[in-house]
Amino acid sequence: MSSLKKLLLIFFILSSSFIFFSCMLFKKPQTVDGAYILVINQSTDTAVKQDTGVVYSSETEGMYPSAQIFRNSEDKSIYPIDRIIDTDMLLTNRIPILTSKSEPPKLNDLKDFITENYETGKKDTVRARLLSMTDHCYVWVEVSYPAKITSGQTDKLAAEFESRIYPLIYDHFVEKTDLESIGAVYLLCYDIKDGFSGSGGFVAGYFSPEDLSNDSTSNKCPLLYIDTYPLMTDRFGVYKIENAFSTVTHELQHLSNFYVNSIYVNYIKEEPAMQSLWMDEGLSMAAEDLYNGTQTSRITYYNGSDNIRNGKVPLIQNRPDLFWLDNYSLSYLFFQYLYSQTADSTLYKKIIYSPYNDFKALEEACGKSISELMTDFRIALFLNKPSGKYGFNSKEGFDGIAALTSYNYERYLEASAGFVIKAPADRSFELPEKYGPDIRFYGINP
């Protein structure tokens, strides 16, 4: 190689290096514009957390006080939950389902029911008397319970079940023929042993799929467990069975949903299906919403949840041991968001009867990807516009949703989790150098 060629080669190498390092030195960082920034993990892989790479700044101080301050302003609010029994049991163990129906009971019959004791983690036996009945329900009351729930009260529950609750489920959630094939539903009213101490969460009711099997601990009937205390009592200690109507609606959706997705599909069609937990709960709260309107306690809890505010609560949660009040609030609000966006009265049936049992059912019913749905939902929670995709279409009571901003966010986000932070004063948020493959940043301008 000639000296001239060597000099030209050296010059080319040095020039290229200078240009490269100059570009690196003066490279303009990527930014997102907005007064606030939504940080969200759009993955659906619940087994993996992803790093947001966000550096905490005092700029992210929240617009609202902490959850403790919110909740101290409440008068020891109580929040209903339902204990979630392992709904994979019938599918995993292939326990035989009920093959025949027993003789219908008669008024004043006594029956021993096997129940869950959530204080001890063991089974209890509760003796109950049949006080009221209709074509589609039997109302039983614990015999050892104080005589404050009379047949006059249970007649109200039976009448409400027949005239409003039962039709609501077949109008919006499952086909009438499928609901009727379940048979008359047993409603057991008793004091669920849940350790309730006067405030906080309590078990308002539950449904156990085991009761639809021939297992030794099954009650061998379609059964809903309904709490009496504190669910049926007002603040003066007066028992009002009307307080349980919404819970009965909630649990009947669980029962009918399980029947359609698990027993009907798996044992007749032999195709595996199981409604995802967070979706099943969202649908049951949607049933309550259709029955008696906006569930304000869910909004109140959302507004005061530091866990939600700081990105510690994923929307997609299928573990019963991790599904608590924060998750109830998010699932309720998400399904109300879907309903407000589609304005489709058949939406919930489309989800339940979908060939998919997870978020794919939502994508199919709504015509959008789950990443788009959950991102628009998070922005809607913050902006809450009166119309359009970033709001709830002025649904009554939803104007009270707080625009939560994080002050102590969760850096490693679970799938479908997210939080909002305040952007710098110039509204230009510089993206971190490294972050997870499904972490996304969106500018929000109120």
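In what follows, the structure referred to is the one given above.
As the structure is a prediction and not an experimental result, all values here were calculated from the model.

Novice: Help me understand the overall build of the protein chain, please; the structure alone is not making it clear to me.
Specialist: Along the protein chain, the regular secondary structure elements total 13 helices and 14 strands. Across the 446 residues that make up the protein chain, the buried fraction comes to 51%. Counted over contacts in the protein chain with a minimum sequence separation of 6, partners at least 24 positions apart contribute 74%. If you sum the accessible surface of the protein chain, you get close to 20,900 Å²; carbon and sulfur atoms cover 52% of it.

Novice: Just to check I follow, could you spell out the environment of Asp 51 for this structure?
Specialist: Structurally, Asp 51 is set in strand E3 (residues 50-51). Spatially, the C-alpha atom of Asp 51 lies 6.0 Å from that of Arg 411, the residues being 360 residues apart in sequence. Once residues lying within four places of it in the same chain are set aside, the contact partners of Asp 51 are Arg 411, Tyr 412, Tyr 435, Gly 436 and Ile 439. Within the structure, Asp 51 has its side chain in polar contact with the side chain of Arg 411 (distance 2.7 Å).

Novice: Explain the environment of Lys 434 here, please?
Specialist: Considering the arrangement of structural elements, one finds Lys 434 in the loop between strand E13 (428-430) and strand E14 (439-444). Residue Lys 434 is classed as exposed on the basis of its relative accessible area of 69%. It is 9.0 Å that separates the C-alpha atoms of Lys 434 and Val 54, two residues lying 380 residues apart in sequence. For Lys 434, the contacting residues outside a window of four places in its chain are Thr 52 and Gly 53.

Novice: Would you mind showing me how to read helix H7 (residues 277-292) here?
Specialist: An α-helix turns once every 3.6 residues. As a result, residues three or four positions apart point the same way. An ideal rise of 1.5 Å per residue puts 22 Å on 16 residues; H7 measures up with 23 Å between its terminal C-alpha atoms. Taking burial as the measure, the 16 residues of H7 include 14 buried ones, the bulk of the element. Gly 293 sits one or two residues past H7 and shows a positive phi near 90 degrees.

Novice: What exactly am I supposed to notice about empty space enclosed by the protein here?
Specialist: Over the atoms, a rolling probe the size of a water molecule traces out where space has been left empty. Evaluation of the coordinates by the stated rule reveals two cavities of 30 Å³ or more. Roughly 120 Å³ of volume is contained in the largest cavity. Lining the largest cavity we find Leu 38, Tyr 302, Ile 308, Arg 309, Arg 378, Leu 381, Phe 382, Ala 402, Leu 404, Gly 418, Phe 419 and Val 420. In this model, the second largest cavity occupies a volume close to 50 Å³.

Novice: Honestly, the sheet that holds strand E2 (residues 36-41) in this entry has me stumped. Any pointers?
Specialist: The pairing of strands in a sheet comes from backbone hydrogen bonds and takes either a parallel or an antiparallel form. In spatial order, the strands read E12-E2-E14; together these three strands make up an open sheet with antiparallel pairing. The sheet terminates laterally at strand E12 (418-422) and E14, the two strands that pair on one side only. Adjacent strand axes in the sheet meet at a mean angle of 20 degrees, parallel and antiparallel pairs treated alike. The pairing of E2 with E12 spans five bridges and is antiparallel. Counted as the bridge partner of Leu 38 is Val 420 from E12. Relative to the sheet, helix H13 (residues 370-383) contacts E2, E12 and E14, its axis offset from that of E2 by approximately 145 degrees.

Novice: Whenever I open this one, the packing of aromatic side chains confuses me. Can you help?
Specialist: Any aromatic ring pair is given by two values, namely how distant the centres are and how the planes are angled relative to each other. By the definition in use, this model includes 26 aromatic pairs. For the pair Phe 196 and Tyr 229, a centre-to-centre distance of 5.9 Å together with 70 degrees between the ring planes defines the contact as edge-to-face. Of the two residues, Phe 196 sits in the loop between strand E8 (185-190) and strand E9 (200-207) while Tyr 229 sits in the loop between strand E10 (223-227) and helix H6 (245-269), which places them 33 residues apart along the sequence. When the ring of Tyr 337 is compared with that of Phe 377, the centres are 5.9 Å apart and the planes differ by 50 degrees; the resulting orientation is tilted. Placement of the pair is Tyr 337 in helix H10 (residues 325-342) and Phe 377 in helix H13, with a sequence separation of 40 residues. Under the relative-accessibility criterion, Tyr 337 is labelled buried at 2%. Taken together through their ring pairs, the aromatic side chains of Trp 278, Tyr 332, Phe 334, Phe 335, Tyr 337, Phe 377, Phe 392 and Phe 398 make up a single cluster. The ring of Phe 113 is capped by Lys 111, whose NZ or CZ atom sits 5.4 Å from the centre of that ring.

Novice: What is the right way to look at helix H12 (residues 359-366) in this model?
Specialist: Buried within H12 we find Phe 359, Ala 361, Leu 362, Ala 365 and Cys 366. Along the long axis of H12, the arc covered by the buried residues comes to 150 degrees, so they all point the same way. In the core, the buried residues of H12 are packed alongside H7, H10, helix H11 (347-352) and H13. Of the residues one or two after H12, Gly 367 is the one with positive phi, at around 75 degrees.

Novice: When you look at the nonpolar core in this model, what are you seeing that I'm missing?
Specialist: Here is a general trend for soluble globular proteins: nonpolar side chains tend to be buried in one another's company. Counting residues in each nonpolar core, the largest one holds 95 residues, and the members touching the most others are Phe 173, Trp 278, Phe 334, Phe 335 and Leu 362. The biggest single contributor to this core is H13, with nine residues. Residues in contact with Phe 173, not counting those within four places in the same chain, are Leu 168, Gln 253, Leu 283, Ala 286, Ala 287, Leu 290, Tyr 348, Lys 349, Ile 352 and Tyr 353. Ranked by size, the runner-up nonpolar core spans 16 residues in total, among them Phe 113, Trp 140, Ile 192 and Val 203.

About the thresholds
- Residues numbered from 1 in each chain as written.
- Predicted model: local features only at pLDDT ≥ 70, side-chain atom pairs only at ≥ 80, totals over all residues.
- Heavy atoms only, no water.
- Helix = DSSP H or I, 4+ residues; strand = E, 2+ residues; numbered from the N terminus.
- Buried < 20%, exposed > 50% of the residue type's maximum accessible area, 1.4 Å probe, protein only.
- Contact = heavy atoms within 4.5 Å.
- Areas by Shrake-Rupley, 256 points an atom, 1.4 Å probe, with all protein chains shown as cover.
- Polar contact = N/O pair within 3.5 Å; in protein donor to acceptor, adjacent residues only side chain to side chain.
- Expected span 1.5 Å × (residues − 1).
- 1 Å grid on protein atoms, 1.4 Å probe; cavity = no way out; pocket = protein on both sides within 12 Å on 5 of 7 lines; lining within 4 Å.
- Points joined across faces, edges and corners; volume = space filled by probe spheres on them.
- Pairing = 2+ DSSP bridges.
- Axes fitted to C-alpha atoms, helices over the stretch in contact; angles between N-to-C directions.
- Phe/Tyr/Trp six-rings, centres within 6.5 Å; stacked < 30°, edge-to-face > 60°.
- Lys NZ or Arg CZ within 6 Å of the ring centre and 35° of its normal.
- Arc of directions from axis to C-beta.
- Core = buried A, V, L, I, M, F, W, Y, C linked by side-chain atoms within 4.5 Å.

The values are spatial; any link to function lies outside them.
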